[in-house]
Amino acid sequence: MTIWNLGSINADFVYAVPHIPGPGETLSSTNRQMFLGGKGANMSVAAARAAAHVNHIGAVGSDGRWAVQRLLEYGVDTRNIAEIDTETAQAIIMVDPQGENAIMLHPGANVEVPQTALQTAMAEAQTGDWLVIQNETNLQRTAAELGKRMGLHVAYAAAPFDAERVQAVLPHLDFLILNAVEAEQLREATGMSPKDLPVRNVIVTLGADGADWYGTGAKAHFPAHKVDAVDTTGAGDTFTGYVLAGLDRGVPMGHAIRQATKAAALMVTRHGTADVIPDLSEVQAYQ
């Protein structure tokens, strides 16, 4: 089957800083690197490296041709990435010595994905494929409604969090993933805890504490692997991509989550985003 990912594509500028700056504070960085990033691109690369067939739907400016080429090199189908007359999105990421980060996004082309790109992609989709959306692009509701009508499994990563956008797509979802803070924000907005949401499968990621899965009438906790984290950027996207790739291959949810926790553990030991996501052979060898 295929994972169709309506997702963001960023140029990620990562700065190593002694600590995350406070209001009005000026800091000098100790290092600077540029990576392919964006929640969507990270998820596409993670799923592709986890042996899934991934078709990315998105947009870049002419300055982002390198990003499309790199996605292609990482095994992602890029035919439905439009080049438009808007600059490619950028992220400024500050990472402290403990691996925590602060991120500023300039959305650029990510929020101007042409509807024709989505329609062209969905014309190739088949019943039983996966459609993945998140909040760094436009067209989420349109995509979710279309995917549901077509018999696709619709998955949603509720970040960056926006309660109205989450509620708009909830009726169409088969899979929802969010972190603990987002889960609490959604509870405040809807009055529903993860187990009460009208979604077949909900995963709440808990960082170093692992993840909770809420299935139909079931709940399970999956602990994280203990590692020395140097950069948490992209770990959640890596986890999501690996879970979806596992589900696309038909493996049970528990197995998919356990494999994803290994991938996320490896990811936080590396500096960078999509370019350093581990492949399936690394994850399978990790103990």
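The preceding data block contains the structure.
Nothing here was measured: the structure is a model prediction, and the numbers come from that model. (Residues numbered from 1 in each chain as written. Predicted model: local features only at pLDDT ≥ 70, side-chain atom pairs only at ≥ 80, totals over all residues. Heavy atoms only, no water.)

Participant: An account of the packing of helix α1 (residues 39-49) against helix α7 (residues 235-248) is requested, with residue identities and associated values reported.
Facilitator: To characterise two packed helices, one gives the angle between the axes of the helices and the distance between these axes. Direction vectors running N to C along α1 and α7 enclose 45°, while the axes themselves pass 7 Å from each other. As summarised for this structure, α1 and α7 are arranged oblique, according to the angle between their axes. Here α1 and α7 pass one another in a crossing that is right-handed. Contacts between α1 and α7 involve K39, N42, M43, A46, A47 and R49 from the former and D237, T238, T240, G241, Y242 and A245 from the latter. (Axes fitted to C-alpha atoms, helices over the stretch in contact; angles between N-to-C directions. Helix = DSSP H or I, 4+ residues; strand = E, 2+ residues; numbered from the N terminus. Parallel < 35°, antiparallel > 145°, perpendicular 65-115°, else oblique. Left-handed = near helix turned anticlockwise from the far one by under 90°. Contact = heavy atoms within 4.5 Å.)

Participant: Mind laying out the pattern of salt bridges, listing which residues take part and the relevant values?
Facilitator: Applying the stated criterion across every chain, the model contains 11 salt bridges. Put simply, K39 and D237 hold a salt bridge, and the shortest N to O gap is 2.6 Å. Here D237 lies in helix α7 and K39 lies in helix α1, a separation of 198 residues in the sequence. In terms of burial, K39 and D237 fall into one category: buried. (Salt bridge = Lys/Arg side-chain N within 4 Å of Asp/Glu carboxyl O. Buried < 20%, exposed > 50% of the residue type's maximum accessible area, 1.4 Å probe, protein only.)

Participant: Any details on the nonpolar core? Residues and values, ideally.
Facilitator: In this structure, L36, F175, I203, F239 and V243 are the most contacted members of the largest nonpolar core, which totals 55 residues. Here this core takes 9 residues from helix α8 (residues 253-267), the largest share from any one element. In this structure F175 touches W130, V154, A155, Y156, V199, N201, I203, V243, L244, L247 and M253, once residues within four positions along its chain are discounted. By size, the runner-up hydrophobic cluster in this structure holds 36 residues, among which are I84, L118, L170 and L197. (Core = buried A, V, L, I, M, F, W, Y, C linked by side-chain atoms within 4.5 Å.)

Participant: An account of a negative patch on the surface is needed here, citing residue identities and associated values.
Facilitator: A contiguous patch of negative charge on the surface is contributed by D63, D85, E87 and E112. As for its placement among the helices and strands, E87 is situated in the loop between β5 (77-83) and β6 (89-95). Classification of E87 by relative accessible area gives partly exposed; the value is 36%. (Patch = residues over 30% accessible without salt bridge, like charges linked within 9 Å, V, L, I, M, F, W, Y side chains within 5 Å. Areas by Shrake-Rupley, 256 points an atom, 1.4 Å probe, with all protein chains shown as cover. Lys, Arg positive; Asp, Glu negative; His and termini not counted. Charge placed at Lys NZ, Arg CZ, Asp CG, Glu CD.)

Participant: Account for the sheet that holds strand β7 (residues 101-106), naming residues and giving values.
Facilitator: Judged by pairing direction, the sheet is mixed, and its 4 strands sit side by side in the order β3-β2-β6-β7 without closing on themselves. The outermost strands of the open sheet, each flanked by one partner alone, are β3 (31-37) and β7. Averaged over neighbouring strand pairs, the angle between their axes works out to 20° when direction is ignored. Each of β2 (10-16) and β3 touches helix α2 (residues 65-73); the most contacted strand, β3, lies at about 65° to it. (Pairing = 2+ DSSP bridges.)

Participant: Please give an account of the environment of A155 that cites residues and values.
Facilitator: In this structure, A155 sits in strand β9 (residues 153-157). The class for A155 is buried, based on a relative accessible area of 1%. Apart from residues no more than four positions distant in its own chain, A155 is found in contact with W130, L131, V132, I133, F175 and L244.

Participant: Any details on the layout of surface pockets? Residues and values, ideally.
Facilitator: Looking at the largest pocket, its volume works out to about 1,300 Å³. Lining the largest pocket are 50 residues, and of these N179, T232, A235, G236 and D237 lie nearest its centre. Of all the secondary-structure elements, those providing two or more residues to the lining of the largest pocket are β2, α1, β6, β7, β10 (175-179), α6 (180-190), α7 and α8. Counting residues per element, the lining of the largest pocket draws most heavily on α7, which supplies 5 residues. For the lining of the largest pocket, a count of residues per class yields 25 nonpolar, 18 polar and 7 charged. (1 Å grid on protein atoms, 1.4 Å probe; cavity = no way out; pocket = protein on both sides within 12 Å on 5 of 7 lines; lining within 4 Å. Points joined across faces, edges and corners; volume = space filled by probe spheres on them. Nonpolar A, V, L, I, M, F, W, Y, C, P; charged D, E, K, R; others polar.)

Participant: Describe the sheet that holds strand β4 (residues 53-60), listing the residues and the values that go with them.
Facilitator: Across the sheet, 9 strands lie side by side as β5-β4-β1-β8-β9-β10-β11-β12-β13; this open sheet has mixed pairing. A strand with exactly one partner marks an edge of an open sheet, and here the two such strands are β5 and β13 (218-222). Pairwise comparison of adjacent strand axes, ignoring direction, gives a mean angle of 15° for this sheet. As defined by bridge partners, β9 adjoins β10 across 3 bridges and the pair is classed as parallel. By the bridge assignment, A155 is partnered in β10 with F175. In the packing of α2 onto the sheet, the strands contacted are β4 and β5, and the crossing angle to β5 comes to about 170°. The sheet contacts of α6 involve β10 and β11 (201-205), and relative to β10 the element is tilted by about 110°.

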